[in-house]
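Here's the letter readout for the chains.
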Amino acid sequence: MVKAVVLGASGGIGQPLSLLLKASPLVDELSLYDVVNTPGVTADLSHISSIAKITGYLPADDGLKKALTGADVVLIPAGIPRKPGMTRDDLFKINAGIVRDLVKGIAEYSPKAFILVISNPVNSTVPIAAEVMMQAGKFDPKRLFGVTTLDVVRAETFVQDITGENDPSKTVIPVIGGHSGETIVPLFSLAKPAVEIPAEKLAPLIKRVQFGGDEVVEAKGGAGSATLSMAYAGFRFAEKVIKAANGEKGIVEPTFVYLPGVTGGDAIAKEIGIDYFSVPVELGPSGAEKATNILPDVNDEEKKLLEACKTGLKGSIEKGVEFVHNPP
Ligand code: NAD
Ligand code: LMR
């Protein structure tokens, strides 16, 4: 029996993500939580003839506690999105506190749940979630994931313009690092099956993956950022976490984790000098079971991308950790 919970369920991501979870045969119970509109979203989804039993809560009457109790997987898309001209870091001021408080609830009511953080800036909100769980004495690094799947989905999709492959999801492209601009490092040299990318097309392709989020923010012109593609990506990642928890073998997906707490991750953390990083992770019944070190396989150009990534990522991680230890 799997209970999934969406915190921020009434939002642009929350609604389509909840729809996908409600329709999934992998979910037996779905609980929605938001500060607004949860009763309406819940009533609407409750008419869908799928197996998941659905409940929805607002903060009143212990809503967060009721939503989280018994949770196996908690997805967090709560928080404000970008508008044109903003960086993800500009969201920190508001979203850091939202994520901190929601994760305090998880520590109290569902400490064993897999936590999938979508709220930006992911490079900071995941360290915030980890620190909150640590302070509560409930941190299990195998169960905390920053969702970077949208970067993988974009890499698969954008490379299709070059390969002409009919089904983009058939090309596996590792995307590592963080989830913001230059911290996003797509490794096209490690694509499987291998892809031939003409030299003049590679740099624009990498840039498009790194700044794909901006493309959507600009196109929406002030009405928010990626929601539908993110719901797809978030559901795809959640499905893999659930399938692996149910015993399915061989599921590997890049995700932003606390490396020292994951088997094989400590060596990677030491090599790059950073504790939080997205790498391909083998998923299993206990969550992130093994981090794969693909760093020795990257080419010289990609090594340069990694250097830029590390510089950007360090400060964002420290900012998240500091926020929990010395709240403003
Ligand atoms: P949105 O504004 O449409 O929805 C956010 C929802 O969160 C709203 O319904 C709001 O009421 C709710 N919320 C606010 N405070 C809350 C709280 N304390 N508890 C519960 N719910 C709360 O925004 P969106 O477009 O759905 O984006 C949500 C977040 O996801 C943003 O931070 C955005 O940057 C991020 N995002 C991440 C990725 C990724 O790849 N990880 C991709 C796209 C968007
Ligand atoms: C994305 O990559 O689309 C998200 O992180 C949202 C954003 O702000 O770009």
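Keep in mind it's a predicted model, so treat the numbers as computed, not measured.

Draft legend 1. Here's a closer look at the overall build of the protein chain. Scanning the protein chain from terminus to terminus reveals 11 helices and 11 strands. Computed over C-alpha atoms, the radius of gyration of the protein chain comes to 19 Å, within 12% of the 20 Å expected from 2.2 N^0.38 for 328 residues, which places it in the range of a compact globule. The principal-axis extent of the C-alpha atoms belonging to the protein chain is close to 60 × 45 × 45 Å. Counting contacts in the protein chain only where the partners sit at least 6 residues apart, residues at least 24 apart contribute 71% of the total.

Draft legend 2. Spatial organisation of helix H1 (residues 14–23). Turning to H1, its buried residues are Gly14, Gln15, Leu17, Ser18, Leu21 and Lys22. Each buried residue of H1 lies within a common arc of 160 degrees when the element is viewed along its axis, so the set occupies one face. The inward-facing, buried residues of H1 abut strand S1 (3–7), strand S2 (29–33), helix H2 (38–45), strand S3 (53–57), strand S4 (73–76) and helix H9 (228–245).

Draft legend 3. Summary view of the pairing of strand S10 (residues 276–284). Within S10, seven of the nine residues are buried, which leaves it mostly tucked inside the rest of the structure. Two strands pair when backbone bridges link them, and strand S9 (residues 252–258) and S10 are joined in this way by seven bridges, in the antiparallel orientation. The partner of Thr255 across the bridge, within S10, is Val279. Pairing of S10 with strand S11 (residues 287–291) involves four bridges; the strand directions are antiparallel. The partner of Glu282 across the bridge, within S11, is Lys290. Hairpin geometry of S10 and S11 is characterised by an intervening segment of two residues between the two adjacent antiparallel strands.

Draft legend 4. Region of interest: the UniProt feature "domain: Lactate/malate dehydrogenase N-terminal" (unreviewed entry) in the protein chain. Here the UniProt feature "domain: Lactate/malate dehydrogenase N-terminal" (unreviewed entry) sits at residues 3–146. Annotated as residues 3–146, this span is 39% helix and 18% strand, and its ends, taken at the C-alpha atoms, are 20 Å apart.

Draft legend 5. Examining unusual backbone geometry more closely. The residue after Asn120, namely Pro121, is reached through a cis peptide bond having omega -5 degrees. Each neighbour pair has its own omega, and for Lys192 with Pro193 the value is -5 degrees, a cis peptide bond. Topologically, Pro193 is positioned in the loop between strand S8 (184–186) and helix H7 (199–210). In the Ramachandran plot, Asp61 falls in the positive-phi region, its phi being about 55 degrees despite a non-glycine side chain.

Draft legend 6. Structural detail: the site of ligand 2. Surveying the vicinity of ligand 2 reveals the residues Pro81, Arg82, Arg88, Asn120, Leu150, Gly213, Val216, Val217, Ser225 and Ala226. With three residues, helix H8 (residues 212–220) is the largest single contributor of residues to the shell around ligand 2. Classifying every residue of the shell around ligand 2 by side-chain character gives five nonpolar, three polar and two charged.

Reading guide: rules and limits
- Residues numbered from 1 in each chain as written.
- Chains lettered and ligands numbered in written order.
- Predicted model: local features only at pLDDT ≥ 70, side-chain atom pairs only at ≥ 80, totals over all residues.
- Helix = DSSP H or I, 4+ residues; strand = E, 2+ residues; numbered from the N terminus.
- Rg over C-alpha atoms; globule rule 2.2 N^0.38 Å.
- Contact = placed C-beta atoms within 7 Å.
- Buried ≥ 20, exposed ≤ 12 C-beta atoms within 10 Å, placed from the backbone.
- Arc of directions from axis to C-beta.
- Pairing = 2+ DSSP bridges.
- UniProt positions renumbered as here; feature names shortened; annotations may be inferred.
- Near = placed C-beta within 6 Å.
- Nonpolar A, V, L, I, M, F, W, Y, C, P; charged D, E, K, R; others polar.

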